[in-house]
Amino acid sequence: MADINPAYDDEILAKAAEHLKKEGSVQLNEILVPSALRSFQNLKWKHLYNPLKFALHYSRPPEVWKEFQKLVSKLIGKKVNCGMWCIAMMPGDYSVLYDSLKPGKGFIFMFDLNAVPENCGGYTVLLKGDREVARVVPKSNSFTIVNQAGLKVFHKYLNHHAKHPRIFLCGVALAK
Amino acid sequence: MNWVNPIYLKNAAGLRKQFATNKPFPHLVLGNFFARKIHNVAKQLLKEKFVEQNSDLFQFQQMTTDCSKATQPAVREFHKFFSSKEFIKFISEITGIKLKFIDMSAFIYDDTDYLLPHDDRLSGRKIAYVVQVGDNFTKDDGGALQLFKNKKIAKSIPPTFNTFTIFQVSSKSWHQVQEIMSDKKRISFAGWFHG
């Protein structure tokens, strides 16, 4: 895992895995080495727009996705199948809890490239029924994983005060 | 009916035709609709209590009670007229839909507030309405009521003081309130005529 900050050795990751198991989520800050952050530059974004469900910008993830798959496997303690994509939330982007949205399975994880102030929106909310159980407010170079079994997810509308987009790699991991 | 601009009262047949043919779904946008006393209603409305509402779909402030229970006499009087048999009959006439009663709440949208696309469908709701009683907005201020056709914005209606907008609630009535992009306040009464 050459792109992962070497401070996250086996001992630290074992503690993180324990925290994830106990609390249902864990966040790892300064997760990538600086050179790996550059792989998120020059991504080509495609606008995904279904106003009743979402307005987002999508890109294929850079090669570093393989490192995240290994990281997730270590944190969950099992081999995993992962689906991953890169998302840019520009001002005006969002996703909502539309009627046919089904509760999640497995784990959802997010690598955030940059911070976005909470009052600008753009954060991710996980709900069990109507109760908010987790909120991922984008922090620069941070990795967050949440057990999303039975949870629904939306991305809060990013308002016009945001100075730059929220760029993040988002994935879902299911144990093999 | 001394609350309504007489120009509209004299033209029910014309309004009915316009309502039925307006695109992308039946609606009317009627400027300068209420009598001058709406100014006092707007002023008194700001003395009511509002609470922040926030979800995946919206962000705005809503009056804590239905307007029938307003603390300010001017607001209650406006509600009394709006819910009167004669006004409901007039709206039934121009929409061609049998209507029975209304509900009414009040809303304040500040900078960054919004309401994402939805269709308003819920049992009994026949006609949705908005009465604008806040600042006049330009295009750059945002805050427009936007009507969709085939998942695209087909019409934008910027907030203008004393404009009364109605539209038919149906599977086609997708609409949103665009984010407020300035310090102006979008203040409105809104709700539904029920059948």
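Details of the structure are given in the entry above.
Rules used in this analysis
- Residues numbered from 1 in each chain as written.
- Chains lettered and ligands numbered in written order.
- Predicted model: local features only at pLDDT ≥ 70, side-chain atom pairs only at ≥ 80, totals over all residues.
- Heavy atoms only, no water.
- Helix = DSSP H or I, 4+ residues; strand = E, 2+ residues; numbered from the N terminus.
- Buried < 20%, exposed > 50% of the residue type's maximum accessible area, 1.4 Å probe, protein only.
- Arc of directions from axis to C-beta.
- Contact = heavy atoms within 4.5 Å.
- Salt bridge = Lys/Arg side-chain N within 4 Å of Asp/Glu carboxyl O.

Visitor: What is the right way to look at unusual backbone geometry in this model?
Guide: Backbone geometry follows two general trends: most residues other than glycine have a negative phi, and most peptide bonds adopt the trans configuration. All names here are of chain B. Here the residue pair Lys23 and Pro24 is connected by a cis peptide bond, since its omega of 10° sits within 30 degrees of zero. Take Pro24: it is sitting in the loop between helix H2 (12-21) and strand E1 (27-30). In this model, Asp120 sits at a positive phi of 75°, which is unusual for a non-glycine residue. Turning to its location among the elements, Asp120 is positioned in the loop between strand E5 (114-118) and strand E6 (125-132).

Visitor: Got a minute to help me understand H2 of chain B in this structure?
Guide: Think of an α-helix as turning once every 3.6 residues; residues three or four places apart then point the same way. Residues and elements named next belong to chain B. What H2 keeps buried is the set Ala12, Leu15 and Phe19. In an axial view of H2, the angular spread of the buried residues amounts to 60°, which keeps them on one side of the axis. Summarising the geometry of H2, the exposed residues directed more than 90 degrees from the buried face are Ala13, Lys17 and Ala20. Here the buried face of H2 lies against helix H1 (6-9), E1, helix H5 (85-95), E6 and strand E9 (164-168).

Visitor: In this structure, what is going on with the pattern of salt bridges? I would like to understand it.
Guide: Opposite charge on two side chains permits them to pair, given that their charged atoms come into close proximity. If you walk through the whole model with that rule in mind, you get nine salt bridges over all chains. Salt-bridge contacts for Glu67 of chain A lead to Lys70 of chain A; the nearest nitrogen and oxygen are separated by 3.8 Å. With Glu67 of chain A and Lys70 of chain A both in helix H3 (residues 65-76) and three residues apart, the pair spans about one turn of that helix. Overall, the relative accessible area of 11% leaves Glu67 of chain A in the buried class. A salt bridge links Asp110 of chain B to Lys185 of chain B; its shortest N-O distance comes to 2.7 Å.

Fair warning: the whole summary comes from geometry, so function is off the table for now.
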